[in-house]
Amino acid sequence: MSYPATYRYTKEHEWIEANGTEATVGITDYAQHLLGDIVFVDLPKIGTELSQKASFGSVESVKAVSDVYAPASGSVTAINEALTSAPETINAEANTTWLIKLTLSNPSELDSLLDAAAYEAYVAEETGK
């Protein structure tokens with residue numbers, strides 16, 4: 001699995017790509033691999049204020065339901081409505097399939113997240129590989 005170098009990552013397996021105060025959030029390829037076939041995605045309403053590390057929705061697979069956590073604080077500006085009818089898109093393209101877009105309220109929170117190399121090392125440690 002490869003992880004885009006421009007993203008930052010959480011230990012809960014979310015990714016965030018920020019451009020100034022605008023950001024896009026999704027789950028990592030490792031997360032979708034753990035979940036298996038994704039069948040449903042629950043996302044917040046546009047305008048919802050999120051706090052870093054707070055749950056903002058869930059991803060349901062044939063195996064489990066997993067909460068999704070905000071990598072950074074901000075206001076939801078868009079949700080990926082295509083996932084309502086095609087949640088399995090995440091399984092095929094986790095690194096490019098976004099869940100929500102945010103306007104960050106505190107971009108410095110991104111400094112506390114893992115870069116791609118640190119996330120890859122974290123996953124390797126978690127899997128024992």
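Shown above is the structure to which this text applies.
Since this is a predicted model, take the numbers as computed values, not measurements.

With respect to the overall build of the chain
If you tally the helices and strands in the chain, you get four helices and nine strands. In sequence order, the chain lays out its α and β elements as β-β-β-α-β-β-β-β-β-α-α-β-α. Against the 2.2 N^0.38 benchmark of 14 Å for 129 residues, the chain shows a C-alpha radius of gyration of 14 Å, consistent with a compact globule. C-alpha extents for the chain along the principal axes are approximately 35 × 35 × 20 Å. Expressed as a percentage of its 129 residues, the buried residues of the chain come to 47%. Here the analysis covers contacts within the chain between residues at least 6 apart in sequence; of these, 64% occur between residues at least 24 apart. When the accessible surface of the chain is totalled, it reaches about 6,500 Å², and 49% of it is carbon and sulfur.

Remarks on the sheet that holds strand E4 (residues 38-42)
If you trace the three strands from one edge of the open sheet to the other, you get E4-E6-E7, paired in antiparallel fashion. Edge positions in the sheet fall to E4 and strand E7 (65-69), since each of these pairs with one other strand and no more. Mean inter-strand twist for the sheet, computed between neighbouring axes without regard to direction, equals 25°. Two strands pair when backbone bridges link them, and E4 and strand E6 (residues 55-61) are joined in this way by four bridges, in the antiparallel orientation. Each residue of the ladder has a partner; that of phenylalanine 40, found in E6, is glutamate 60.

Observations concerning helix H4 (residues 116-127)
Over its twelve residues, H4 runs 16 Å from end to end, which matches the ideal 16 Å to within 8%, given 1.5 Å per residue. Residues of H4 that are buried: Ala116, Tyr119, Tyr122 and Val123. Across the axial projection of H4, the buried residues extend over an arc of 120°, all falling on one side. In this structure, H4 carries Ala117 and Glu125 as exposed residues pointing more than 90 degrees from its buried face. Tucked inside the fold, the buried residues of H4 contact strand E1 (8-9) and helix H1 (29-35).

Side note on the environment of valine 59
Mapped onto the elements of the fold, valine 59 is located in strand E6. In this structure valine 59 comes out as buried when scored by relative accessible area, which is 1%. Between the C-alpha atom of valine 59 and that of leucine 35, which follows or precedes it by 24 residues, the distance is 8.5 Å. Beyond its immediate stretch of four places on either side in the chain, valine 59 contacts Leu35, Ile38, Phe40, Ala64, Val65, Ser66 and Val68.

Quick notes on the rules
- Residues numbered from 1 in each chain as written.
- Predicted model: local features only at pLDDT ≥ 70, side-chain atom pairs only at ≥ 80, totals over all residues.
- Heavy atoms only, no water.
- Helix = DSSP H or I, 4+ residues; strand = E, 2+ residues; numbered from the N terminus.
- Rg over C-alpha atoms; globule rule 2.2 N^0.38 Å.
- Buried < 20%, exposed > 50% of the residue type's maximum accessible area, 1.4 Å probe, protein only.
- Contact = heavy atoms within 4.5 Å.
- Areas by Shrake-Rupley, 256 points an atom, 1.4 Å probe, with all protein chains shown as cover.
- Pairing = 2+ DSSP bridges.
- Axes fitted to C-alpha atoms, helices over the stretch in contact; angles between N-to-C directions.
- Expected span 1.5 Å × (residues − 1).
- Arc of directions from axis to C-beta.

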